[in-house]
Amino acid sequence: MNDVAPADRTPTSNPVLRRALTWGGLLAAVILVVSSVLGLIFAGVPGLVSALIGTVMAVVFMGITSASILLANRYANSDLFVGIFFGVVLGGWIVKFIVFIVLVVVLRGVDWLDPTVLFLSIVAGVLASLVVDVLVVAKSRLPYASDVELPKAPSED
């Protein structure tokens, strides 16, 4: 009988994605506070509401990609992993696209929003998310060829 346990095929990128989500959430909290205060100062209550909505939109949309990859990676030991992975990630992108279009249509022209503050909050959230992603990936120590098992060294018999 073969007593070799099957290799764990959990992708080595999971800690990087979790770290990106954690740091992204912390930075989003800072952006939420700063943009809310600035929105309130420059545009009143509509600016405050716009900053809150814009920052939450940016964070949710950016987080969906990392979260969908982490969710799909749970099926790494499955024979259908590639199909499941791309199905989950593509599904996340489609959901983001549909929700974004719906929000744009629903929020267009409402009196209680300031479009400039909303736009700037979304842009700040997206830029912050990109900076976090770049820094986390640049500081991660992932091998160039991940999830590879090297052959055993020859014995001196």
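Conventions adopted
Residues numbered from 1 in each chain as written. Predicted model: local features only at pLDDT ≥ 70, side-chain atom pairs only at ≥ 80, totals over all residues. Heavy atoms only, no water. Helix = DSSP H or I, 4+ residues; strand = E, 2+ residues; numbered from the N terminus. Buried < 20%, exposed > 50% of the residue type's maximum accessible area, 1.4 Å probe, protein only. Contact = heavy atoms within 4.5 Å. Areas by Shrake-Rupley, 256 points an atom, 1.4 Å probe, with all protein chains shown as cover. Expected span 1.5 Å × (residues − 1). Bend = angle between axes of the 7 residues up to and from the residue. Polar contact = N/O pair within 3.5 Å; in protein donor to acceptor, adjacent residues only side chain to side chain. Core = buried A, V, L, I, M, F, W, Y, C linked by side-chain atoms within 4.5 Å. UniProt positions renumbered as here; feature names shortened; annotations may be inferred. Axes fitted to C-alpha atoms, helices over the stretch in contact; angles between N-to-C directions. Parallel < 35°, antiparallel > 145°, perpendicular 65-115°, else oblique. Left-handed = near helix turned anticlockwise from the far one by under 90°. Nonpolar A, V, L, I, M, F, W, Y, C, P; charged D, E, K, R; others polar.

(A) Fine view of the overall build of the protein. When you go through the protein residue by residue, the secondary structure sums to three helices and zero strands. Starting at the N terminus, the α and β elements of the protein follow one another as α-α-α. When the 157 residues of the protein are sorted by exposure, 27% land in the buried category. Sequence-distant contacts in the protein: of pairs separated by 6 or more residues, those separated by 24 or more amount to 77%. Accessible area of the protein: about 11,100 Å², with a carbon and sulfur share of 72%.

(B) Structural view of helix H1 (residues 14-73). Between its first and last C-alpha atoms H1 spans 8 Å; for 60 residues at 1.5 Å apiece the expected length is 88 Å, and the helix comes up short by more than 12%. At Ala43, H1 is bent by approximately 150°, the largest bend along its length, and proline Pro46 sits one to four residues beyond.

(C) Representation of the side chain of Ser35 within the structure. For Ser35, the position within the fold is in helix H1. Looking at Ser35, its side chain comes within polar contact range of the side chain of Thr55, at 3.2 Å. Every residue in contact with Ser35, bar those within four places of it in the chain, is listed here: Ala51, Thr55 and Ser121.

(D) The nonpolar core, seen in detail. One finds Leu17, Ile69, Leu70, Ala72, Ala76, Phe81, Phe85 and Val89 forming the largest nonpolar core, which totals eight residues. Elements with a minimum of two residues in this core: H1 and helix H2 (81-107). For this core, the leading source of residues is H1, giving four residues.

(E) Local environment of the side chain of Ser50. Here Ser50 lies in helix H1. Non-local contacts of Ser50, meaning those with residues more than four positions away in its chain, are made with Leu113, Asp114, Val117, Leu118 and Ser121.

(F) Quick peek at the UniProt feature "transmembrane region" (unreviewed entry) in the protein. The feature "transmembrane region" (unreviewed entry), as given by UniProt, occupies residues 21-45, 51-73, 80-106 and 118-138 in the numbering adopted here. Between the end C-alpha atoms of residues 21-45 the distance is 30 Å, and the span holds 100% helix and 0% strand. Between the C-alpha atoms that bound residues 118-138 the distance is 30 Å, and the span itself is 100% helix and 0% strand.

(G) Spatial organisation of the environment of Ile64. Among the secondary structure elements, Ile64 is positioned in helix H1. Distance in space between the C-alpha atoms of Ile64 and Lys96 is 7.7 Å, their sequence separation being 32 residues. Setting aside anything within four residues of it in sequence, one finds Ile64 in contact with Gly92 and Lys96.

(H) Local environment of the packing of H1 against H2. Running from amino to carboxyl end, H1 crosses H2 at an angle of 165°, the nearest separation of the two axes being 8 Å. By the criterion of interaxial angle, the relationship of H1 to H2 is roughly antiparallel. The handedness of the crossing between H1 and H2 is right-handed. Packed against H1, whose contacting residues are Ile53, Met57, Phe61, Ile64, Thr65, Ser68, Ile69, Leu71, Ala72 and Asn73, the element H2 presents Phe81, Ile84, Phe85, Val88, Val89, Gly92, Trp93, Lys96, Val99, Phe100, Leu103 and Leu107 at the interface. Among the residues making up the contact of H1 with H2, the classes are represented as 17 nonpolar, four polar and one charged.

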